[in-house]
Structures are given as structure tokens and as C-alpha cells.
Amino acid sequence: MTTKPEPRTAGGLWDGGWLRGARRAPSPNHGPRPEGARIDLLVLHSISLPPGEYGGDAVRQLFLNTLDWDAHPSFQQIRGLEVSAHFFVRRDGTVWQFVDADRRAWHAGRSHWRGRDDCNDDSIGVELEGLEGDTFEPAQYEALARLGRAIAARYPIAHVAGHEHIAPGRKHDPGPGFDWVRLRRDLGWDAVFFPPLPASSDPA
């Protein structure tokens, strides 16, 4: 029998499209979803600013359009960028929310998955504090599993993918350091809802 993330009663988990328990920092970078959009995709990313440095406030500032572009040389490569994600999971497992999950965040860019283009329209974007190719912390996997279950309690999530899967060649995150097998196990969701894994790493 296929195990899948069935939508469940959200109960007191949500305040509209805002997850209770997540730290809120409303970003201006969002818009309406297309009429009739079915929010059934969870997209995982990784981000760190400056690259490879953790624990600072630059990611939050980026999503709020308050980043000082001159604070670090690497910021010149993204100068003027206006982006967002619905959620950001820090190395210690703290979860921030920047965009109402009923709204369209700006995280995927040009993308295609499960037969549809423009994944921003009907996905929820989750950024993990990390560097593509690097590993992630146990606290992040634990927080991500809780977050995934909470999202599936409100939205009909049927697909999980990385930015690297929905925008191949253009994006490479969260990268080879991300443990998809662990996430699948922690969530208890069937393999059919995840990107194909190399045979050597697929437990099923």
C-alpha cells in the first residue's frame, strides 16, 4: 500500500497561511497564486550568506530587502535581488516564516516539475541554512520533518523536490550533502513523492 502525505485536520497549527510556532518576518516579496492553484509541491533549497557562513542575519535581511549589499564582497553577485521563501530552517532547527503559505513566494524561478512550469505558482518553498554540497544538521532534519507534516496537514502535498530537480543545470541546491533517504524515513512518506534516488542510496 502506498504511504502518502494525506491532508489532515490542521487544528491549531495554522493561523490562516501562517504556521504557529514559526518565527514570523513578513517579506514584501510575494504575490497572489493563480486562481485554482493546487498547492501540492514542497521545494527544498539551501542558502547561506555569506556563502558557507552560518548564524548571521543576512538571509533574513535578503528576504526583507534590507541587506546591505556592501557588507560583504560576495553580496555584489546578488545585488538588487528580490527573492523570498515561505520558510527558512536554521542550523539549530529554528524555523522562520517569511511569506503566508497561501501566497506565492519568489523562490523557484524558471522551473518545471510533475508536468507543470513555474513552480512558484503552486509550491511551498523551504530554505535550509547550508551550502550546496555540504551536509546538514540533525536538528534541521528534525525540524524539516515536523514542518513537512504541518504543511501536509493544511495543503495537499503530493510531491517533494529540490531546487536542483525543478531547475536542473541552473540550480544545484540543496545538493549531494542533503540526505533524501533520511527525510523520506522521517516523514514516513512513500518514495513515489520524492525525486528518484541513485540505486546505491535507495533503501526501497
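What you see is a predicted model; the values in this text were computed from it and never measured.

(A) Structural detail: the packing of helix H2 (residues 138–154) against helix H4 (residues 180–187). For the pair H2 and H4, the least separation of the axes is 9 Å and the interaxial angle reads 45°. Classed by the angle they form, the pair H2 and H4 counts as oblique. Between H2 and H4 lies a crossing whose hand is right-handed. Only Arg 182, Leu 183, Asp 186 and Leu 187 of H4 make contact with H2, whose side of the interface consists of Pro 138, Tyr 141, Glu 142, Leu 144, Ala 145, Gly 148 and Arg 149. The residue makeup of the contact of H2 with H4, split by class, is six nonpolar, one polar and four charged.

(B) Highlighting H4. Residues of H4 that are buried include every one of Trp 180, Val 181, Leu 183, Arg 184 and Leu 187, and no others. Axial view of H4: buried residues confined to an arc of 165°, hence all on one face. Those residues of H4 hidden inside the fold are in contact with strand S5 (41–47), H2, strand S12 (159–162) and helix H3 (163–166). A distance of 3.2 Å separates the backbone nitrogen of Val 181 from a side-chain oxygen at the start of H4, and that oxygen is part of Asp 179.

(C) A look at the packing of aromatic side chains. Considering all chains together, one arrives at eight aromatic pairs under this definition. An angle of 20° between the planes, with centres 6.3 Å apart, marks the rings of Trp 96 and Phe 98 as stacked. The class for Trp 96 is buried, based on a relative accessible area of 17%. Judged by centre distance (5.7 Å) and plane angle (75°), the ring pair of Phe 136 and Phe 178 falls under edge-to-face. One end of the pair, Phe 136, is in the loop between strand S11 (123–129) and H2; the other, Phe 178, is in the loop between H3 and H4, and 42 residues separate them in sequence. Side by side, Phe 136 and Phe 178 carry an identical accessibility label, which is buried. An aromatic cluster is defined as three or more aromatic residues linked by ring pairs; in this entry it consists of Phe 136, Tyr 141, Phe 178 and Trp 180. One cation-aromatic arrangement involves Arg 91 over Tyr 54; the distance from NZ or CZ to the ring centre is 4.3 Å.

(D) How the structure looks around the sheet that holds strand S6 (residues 87–89). Pairing in this open sheet of six strands is mixed, and the strands run S3-S7-S6-S11-S5-S12 from one edge to the other. Looking at which strands have only one partner, the edges of the open sheet turn out to be strand S3 (23–24) and S12. Of the strands in this sheet, S5, S6, strand S7 (95–97) and S11 touch H2, which is tilted by about 165° from S11. Taken strand by strand, H4 contacts S5 and S12, and its axis lies near 155° from that of S12.

About the cut-offs
- Residues numbered from 1 in each chain as written.
- Predicted model: local features only at pLDDT ≥ 70, side-chain atom pairs only at ≥ 80, totals over all residues.
- Heavy atoms only, no water.
- Axes fitted to C-alpha atoms, helices over the stretch in contact; angles between N-to-C directions.
- Helix = DSSP H or I, 4+ residues; strand = E, 2+ residues; numbered from the N terminus.
- Parallel < 35°, antiparallel > 145°, perpendicular 65-115°, else oblique.
- Left-handed = near helix turned anticlockwise from the far one by under 90°.
- Contact = heavy atoms within 4.5 Å.
- Nonpolar A, V, L, I, M, F, W, Y, C, P; charged D, E, K, R; others polar.
- Buried < 20%, exposed > 50% of the residue type's maximum accessible area, 1.4 Å probe, protein only.
- Arc of directions from axis to C-beta.
- Polar contact = N/O pair within 3.5 Å; in protein donor to acceptor, adjacent residues only side chain to side chain.
- Phe/Tyr/Trp six-rings, centres within 6.5 Å; stacked < 30°, edge-to-face > 60°.
- Lys NZ or Arg CZ within 6 Å of the ring centre and 35° of its normal.
- Pairing = 2+ DSSP bridges.

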